[in-house]
Structure formats: structure tokens, C-alpha cells
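Single-letter residue listing:
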Amino acid sequence: MKFETPAGTNPIDQRRVIGKPTPRIDGPLKVTGTAPYAFERNDVAPGHAYGVIVGSAVAKGRIARIDTADAARAPGVIAIVTHENAGKLGKAKAHTATMLAGPMVEHYDQAVAIVVAETFEQARDAAKRVRVDYARAKGRYDLAAAKAGAPIAPGDKMKTAVGDFARAFAAAPVTVDATYTTPDQSHTMMEPHATIAAWDGDTVTLWTSNQMIAWAVRDMSETLLIPKEKIRVVSPYVGGGFGGKLWVRSDAVMAALAARAAKRPVKVALARAQIMNNTTHRPATIQRIRLGADRTGKITAIAHQTWSGDLPGGGPETAANQTQLLYAGANRLTETRLAVLDLPEANAMRAPGEAPGMMALEVAMDELAEKLGMDPVRLRILNDTQVDPEKPERPFSDRHLVRCLEEGAQRFGWARRSATPGKMRDGRWLVGMGVAAAFRNNMNMKSGARVGVDRKGMVTVATDMTDIGTGSYTIIAQTAAEMMGVPLDKVIVLLGDSRFPESAGSGGQWGGNSSTAGVYAACVDLRRRIAQKLGFDADRATFADGKVSDGGRSVDLAKAAGDDGISGEDTIEFGRLNDDYAQATFGAHFVEAGVDAHTGEIRVRRMSGVYDAGRILNPVSARSQVIGGMSMGIGAALMEDAVVDPRFGYFVNHDLAEYHVPVHLDVPHQEVVFLDTLDDKTSPMKAKGVGELGMCGAAAAVANAVYNACGVRIRDYPLTLDKVL
Ligand code: MOS
């Protein structure tokens, strides 16, 4: 089904199941510890061995000699794979760093070997006995130094210009010119990367933890140099990804190589400490923002230049994304530059681009409001736009930023805020309030599904979509239940297997809207087949209460399915509505923060937001997504910081004891309101993404509240107490 014209009324609008607060259908499996995650699939790999990956001890250089003799003699060792005996490997186009180093080393902790043994302890012990001599080369690890002369990054919209920014900025009576820095960050998902690989002849199956099944098959094919048909990827449960599992990583590649060498299934998990340097991270940014406004607060000039670094051939953090779309202003400039760094591979982490970009832009807006002597909520409302500011002939599909700001301000009690910092006090705490807009692009991706009804009237959906903790199982079940006119408990959802139709996968907050739209399309096909079989008019037939009806006739769905059952399949594809309209999600974050007047300790005391993300398919899981994003915003504002050792080129704090993320005590009560609008240009579901929106702008709202509390403007994240004092 090609989605090309705005969605008219369709069965989803009935809202019998869609839009109802629905607990996760996979919840019982998860809370009883019986949802099978990749590392726990002992049932599928009898007689499996364990693999432990050896990582490079240097960040850049060459493997001069690798000696596995001692390791091979260790108890229980079955096989050792290095670049010397791995056979010919390709490099997946989607990978910047290769998954197995040798002879060249591209980054610290890049896999140089995998040791396979009978037990995990034996493999870990033997891995320590692999001796590698390196010829170390000089690397570049410091973004501030590497940014000089960094070129515009490859890709679309890495440099945009409208009007004459320089002239308008020079002429503006009120200006801000400030530079902000955000640190490297790590996804720190709960479940580490893990894979069980098993070969059957020339076919390999990977039970793994991955967000994008079809990409995984493609990348494994390009790496192992075997056809896609010879690869099966299974990932029905994923304990968090945040972008760190968008592409297969060394656990999957090395498990496949190890299983081939050992002639047995092999199980590999990355240790927590390996995730930081062996996999990917969100790169640090340096962002310069210049805003010029007239005395009424209208923005006349807006520029955002951003720098990040990656290995040669890598990509940038697209931190100027939102600045191209969020506020009006006739004279505009954005530049996204990319430096070469020899740190581990930089890549997508939740809301890549907007997450760090909003950390800068929304503080700059706060600084501009202060210089104007204007309320920061009013400043944002005044500069709202209903069209793409770089392309005024391109409207937003649906945009309610102003409503989010107004309703949020009212609910939060924004009127009680003092415009002058340092005026509110609660005992030893200096208390302040901050606001920031929320903004994240809405992308839609092609997504397929198969839906069948059996002779008992059970509806089964199969798609290679993943559920990374987001609630995909539940919204897909709700979609099928709505479309087929059955209660939720009559729907079975099967996800995360490359044998199922190819879906959008979980990434870029496109998964919820796209994958349910794919299920919608498959259900439309199934409804048509059922109607045809019964001799009903396919356009008129209705599906409700477990029956299909046309005029006076009504047949039980189970009966219509017959002994053999009946199934439909389709893929939703997105056409020009994606280009003709700017599609995005919006919101307003409000934060109350306390700063200890003596120690500088910072605490978020209240946090709330109003969000505009089209139809909310399930208010329970959507809220969970948004509060997770807001919590990650607290982490980004106050603690997350992967510290680079500039001498050796690696992230020093590589565990959860030293890479800090918010815990329960760091997160106050969070209030979430969805406008629950309908966007008929996004898909037949009229929904948009919510998975990343809650994060975008949240950290800036914290930073603005800290400023309002104590009057110290920090432009270098995270905001730690030493920077307040
Ligand atoms: Mo997301 S960073 O596309 O998983």
C-alpha cells in the first residue's frame, strides 16, 4: 500500500482499542523473567560453547604479532579466531569501524580475537593469555584541536543558508553569540550486546539483540560474504538499544566466526566495560549559535554551526537539524562539520542530532530572552512558524508548538517564576524554573507485515519489527485488534525474526507509526481477502465483535477463516507527503531545579511537559517513552560524560559506577500531557514518533532552570557542581 494522499477516515478512527491505555501484552513475560533474551536462548543452541572477545590495547596502529599458543593450551579452549585465520571478510557499508581488527587497529578495544571455550570462565581466562604486540601510531583524540579546518560533513543539508545572515546579524539590535559543548555519551542500555550463533551447513542463525533485523542480515551478509538467504537473525526481545543496536556489532560478527571455527554454537556477550569502547557512542559536539532579534523579540538572524568527530569515513552528529526547522527568521545559516578522530566509532544515540542540538539552541533562546527582557515562553511563541523556514512553500503537516508552550506554562505554574535569577529560595536551596521547546523530526519508513486468522478466530501478526522495550508488541496487537474487530486477547504478535516480512525496525522514533501502518496495510489486505471469500463487498464489509458483516449478513471470523485459515500481507510505503510537508513532533518542557547554595549540588525538583506527536496509539507506553526521554535529558544535563583519555584515546569511565546515568532518586515526579492530535499526512495511523521527543530539549530546560536558580550560565555539559561554584 502506497501512502500518498492524506489519510481519510478509516477503521483505526473507531478507537475501540487504539488510543486506549493498554498495559504491555509482553509485560507478564518480562516481569517473571521468562521473556527469552538472546543470551538466555539455551534451548536453541544445545552444546554451545562460550566466546570471549579480546579488544585492542591501543587506539591506533598495527598488530605486529599475535601469539595465541599459550591461550590455545589453556583448559577448555576449543578455538581462537584472529584476523590471521578468520578467512576473507568484507566490510559492511553501514560500518565505519571494522568488527575484527587486523592488521590495522582503528580504535581502542576493537576486537582483535575471540577465544572459544567450554565454559565462560575458561574462555575469559584464556582470552587473557592471548599476547598481542602492537606498533602504536599517533592518533587524534581531542575534538577542540581536531575541529580546526574540519570540512562540511558529507550528506544532505549539512550546510544551509537563506537570506543574508551576516548582514542581518550585524544589524540586529539584540544578539547572542555563544558556544556550547556536549560530551561523548554512551547508550548504557540494560542488556549488553549479546549473540548466540549457530551454523547449519552454510546457513548461520544469530539469536541476538538488535533493533533492525533487515539491516542486520544485510550487514552480516556484507561482512561474512555469504548471501542474505543464508542468514537468519532472531531478536524478539531487546533490553534497550537507544541506537547502540541499530547495526550488528562485534558480538554478532565474532560469534558467527567463532561458531564456524569451533563447529559448535557459540554464545558471546560484551562485558559492560567493552560496550563503551568496543561499540559506538554519541560523539561530543562543539556548537556555536548566533541569534539576532529586533527589539520586539522577532528573530531576524539565526546561525548554528556544529562540529563533531568520527573515524575516517564516518558521519557527523547532525546537531543543527532542529535549527533548520524550529523557529522563524528570514536570514539563516547552518553548518555541520566533521573532524577526524581516532576514538571508537561515533554513531546514533537516541535522537541523534536533536538531542545535543537542542541542548545548545534552547539555552541560546533562554539567553536571548534574557537580553530582550522577555519571557522565554513568549519569545518561543513569537517566533513560531507553520512553514519550513528554509522553504516557505513547504508547510508543516501539523504543528502545535504554541499550544504545548501555553498549556505547559499554565499547568506548571510558570507565572510564579522570577525573571531575575537567584530570587527563589527554599531553605538551603536556590530554586529556579526553566523552559525549553521539544522538537524531533518525524520520519516514516517502509514497513511490512503478515496477518492471519485461524479457524479458532485467533489473529496472528508476524513482522520483523523489534520491541526494544518501547511497547511495539502492544501497539501492533492494538492495531490488528482494531482492524479485525477482535479483542486484544485474540491477537498473537510475533516479532524480530528475519523470516517474517521486513519492517521499519526500531530507530529514529519511526518504529511505532511505521510498523503499525504496515500492520494496518496487511490487515486491509486480509479484510479484502475475507470479504472476497464470503462474496461480501470489500469496501462495505465491517469487522466487529469477532464477526465480519455486510448489510444483513454476518459471519464469525473463525468460520470465515475456515479450517486452513486465511492470511494477508502487505507493506506500507511512504510517498511524497514525506517531502511535501515538513513532519516533526513538538513539545514544551518545564523544569524546576534546586541548587544548593553552599555545595552547588543540583537537583531536579519537578519536571513536566506537553507533547504534540499526532495520535497517541497507547497512552501508557507513549508516556513511558516520554518519561524515559525526559530522564535521559536529566542525565545529559547533569551527569552523562564519557571522559576521553587524550594520551591513549579511549573512554576512561567504562562502567555504570563511573559513567553516571540518573537513578530513581535523581528523577522527580514527571507530568506528561499529550495533545493527542491527528496528523493525517504521516500514515493511516495518523500517529508520529514519541520515542525520542521526550529527550529533545529536556536537558536545556534543566540548564535554564539551573541558571534561573543561581545565575550561573553553564555552556559546557554536563552541569556538575564544580561549574556552579
Ligand atoms: Mo535510534 S538512535 O535511531 O535507535
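In this convention, every chain numbers its residues from 1, walking through the sequence in written order. A pLDDT threshold of at least 70 governs which residues receive local features in this predicted model, and a stricter bar of 80 or more applies before side-chain atom pairs are shown or counted, although totals over entire chains, interfaces and linings include all residues.

### Things to note about the overall build of the protein
And step 1. Along its length, the protein carries 18 helices and 30 strands.
And step 2. For the protein, the C-alpha radius of gyration of 26 Å lies close to 27 Å, the compact-globule estimate for 725 residues.
And step 3. C-beta atoms are placed from the backbone for every residue, and two residues are taken to be in contact when these atoms lie within 7 Å. In the protein, of all internal contacts separated by at least 6 residues, the share reaching a separation of at least 24 is 82%. Helix and strand assignments follow DSSP, with helices taken as H or I runs no shorter than four residues and strands as E runs no shorter than two, numbered in order from the N terminus. Only C-alpha atoms enter the radius of gyration; for comparison, a globular chain is expected to reach 2.2 Å times N to the power 0.38, where N is the number of residues.

### Things to note about helix α3 (residues 120–127)
And step 1. Within α3, burial applies to Q122, A123, A126 and A127. All buried residues of α3 fall inside an arc of 130° around its axis, so they share one side. Whether a residue is buried, exposed or partly exposed is read from the other C-beta atoms within 10 Å of its own C-beta, which are placed from the backbone; 20 or more gives buried, 12 or fewer gives exposed, and intermediate counts give partly exposed. Here the arc refers to the directions that run from the helix axis out to each C-beta atom.

### Here we look at the domain arrangement of the protein
And step 1. An automatic or database domain assignment supplies the start and end points of every domain. Structurally, the protein comprises domain 1 (2–35 + 444–579), domain 2 (42–138 + 192–278) and domain 3 (395–442 + 583–724).
And step 2. Computed from C-alpha atoms alone, the centre-to-centre distance between domain 2 and domain 3 is 37 Å.
And step 3. Contacts between the two partners involve eight residues from domain 2 and, on the opposite side, nine residues from domain 3.
And step 4. Here the residues of the side of domain 2 that touches domain 3 are counted per class, giving four nonpolar, one polar and three charged. Amino acid classes used here: Ala, Val, Leu, Ile, Met, Phe, Trp, Tyr, Cys and Pro are nonpolar; Asp, Glu, Lys and Arg are charged; the rest, including Gly, are polar.

### A few points about the nonpolar core
Looking at soluble globular proteins, one finds that nonpolar side chains tend to be buried together.
And step 1. Note on terminology: a nonpolar core is any set of buried Ala, Val, Leu, Ile, Met, Phe, Trp, Tyr and Cys residues joined through C-beta atoms within 7 Å. V461, A480, M484, Y520, C523, V702 and V706 are the most contacted members of the largest nonpolar core, which totals 140 residues.
And step 2. Once residues lying within four places of it in the same chain are set aside, the contact partners of Y520 are I12, T479, M483, I572, P684 and M685.
And step 3. A79, V105, A111 and W207 belong to the second-largest nonpolar core, a separate cluster that totals 76 residues.

### As for the sheet that holds strand β7 (residues 131–136)
And step 1. By this definition, two strands are paired if DSSP reports at least two bridges between them. What the three strands build is an open sheet, ordered β5-β3-β7; its pairing is antiparallel. A single partner strand is all that each edge strand has here, and the edge strands are β5 (104–105) and β7.
And step 2. The sheet contact formed by strand β3 (residues 61–67) and β5 spans two bridges and is antiparallel. In the sheet register, R62 faces β5, and the bridge partner there is M104.

### Thoughts on the sheet that holds strand β21 (residues 491–494)
And step 1. The sheet built from five strands is open, its strands ordered β1-β25-β19-β20-β21 with mixed pairing. Since the sheet does not close on itself, it has two edges, and those belong to β1 (2–3) and β21, each with one partner.
And step 2. Pairing geometry for strand β19 (residues 447–453) and strand β20 (residues 459–462), over four bridges, is antiparallel. Opposite R450, over in β20, you have A462 as the bridge partner.
And step 3. Orientation is described by lines fitted to C-alpha atoms, with helices fitted over the stretch in contact, and by angles between N-to-C directions that extend from 0 to 180 degrees. Strands β19, β20 and β21 of the sheet are contacted by helix α12 (residues 472–484), whose axis makes an angle of about 135° with β21.

### Things to note about the packing of α12 against helix α13 (residues 511–534)
And step 1. Where α12 contacts α13, the two axes come as close as 9 Å, and the packing angle between them is 30°. For the element pair α12 / α13, the angle class is roughly parallel. For the pair α12 and α13, the sense of crossing is right-handed. Facing α12, whose interface residues are S472, I475, I476, T479, A480, M483 and M484, α13 presents G511, G512, S515, T516, V519, Y520, C523 and R527.
And step 2. Within the contact of α12 with α13, the residues separate by chemical class into eight nonpolar, six polar and one charged. Comment on the angle field: the value is read as roughly parallel under 35 degrees, roughly antiparallel over 145, roughly perpendicular from 65 to 115, and oblique elsewhere. By convention the crossing between two helices is left-handed if the near helix lies anticlockwise of the far one by an angle smaller than a right angle, and right-handed if it lies clockwise.

### Structural notes on the environment of R399
And step 1. Its location among the elements puts R399 in the loop between α10 (376–382) and α11 (401–412).
And step 2. Residue classification places R399 among the buried residues on the basis of 24 C-beta atoms within 10 Å.
And step 3. Between the alpha carbons of R399 and V176 there is a distance of 27 Å; along the sequence they are 223 residues apart.
And step 4. Residues in contact with R399, not counting those within four places in the same chain, are Q386 and F586.

### Here's the deal with the environment of A330
And step 1. Mapped onto the elements of the fold, A330 is located in the loop between β15 (299–310) and β16 (331–340).
And step 2. A330 gets classed as partly exposed once you count the C-beta atoms within 10 Å, which come to 16.
And step 3. Linking A330 and Q122, residues 208 residues apart in sequence, is a C-alpha distance of 65 Å.
And step 4. With residues up to four places along the chain from it excluded, the contact list for A330 reads G163, A168 and T300.

### Considering the pairing of strand β14 (residues 285–293)
And step 1. Most of β14 is tucked away: eight of the nine residues are buried.
And step 2. Sheet analysis places strand β9 (residues 174–182) next to β14, joined by nine bridges and oriented antiparallel. By the bridge assignment, V176 is partnered in β14 with L291.
And step 3. In this antiparallel pair of consecutive strands, β14 and β15, the connection spans five residues, and G297 shows a positive phi of 100°.

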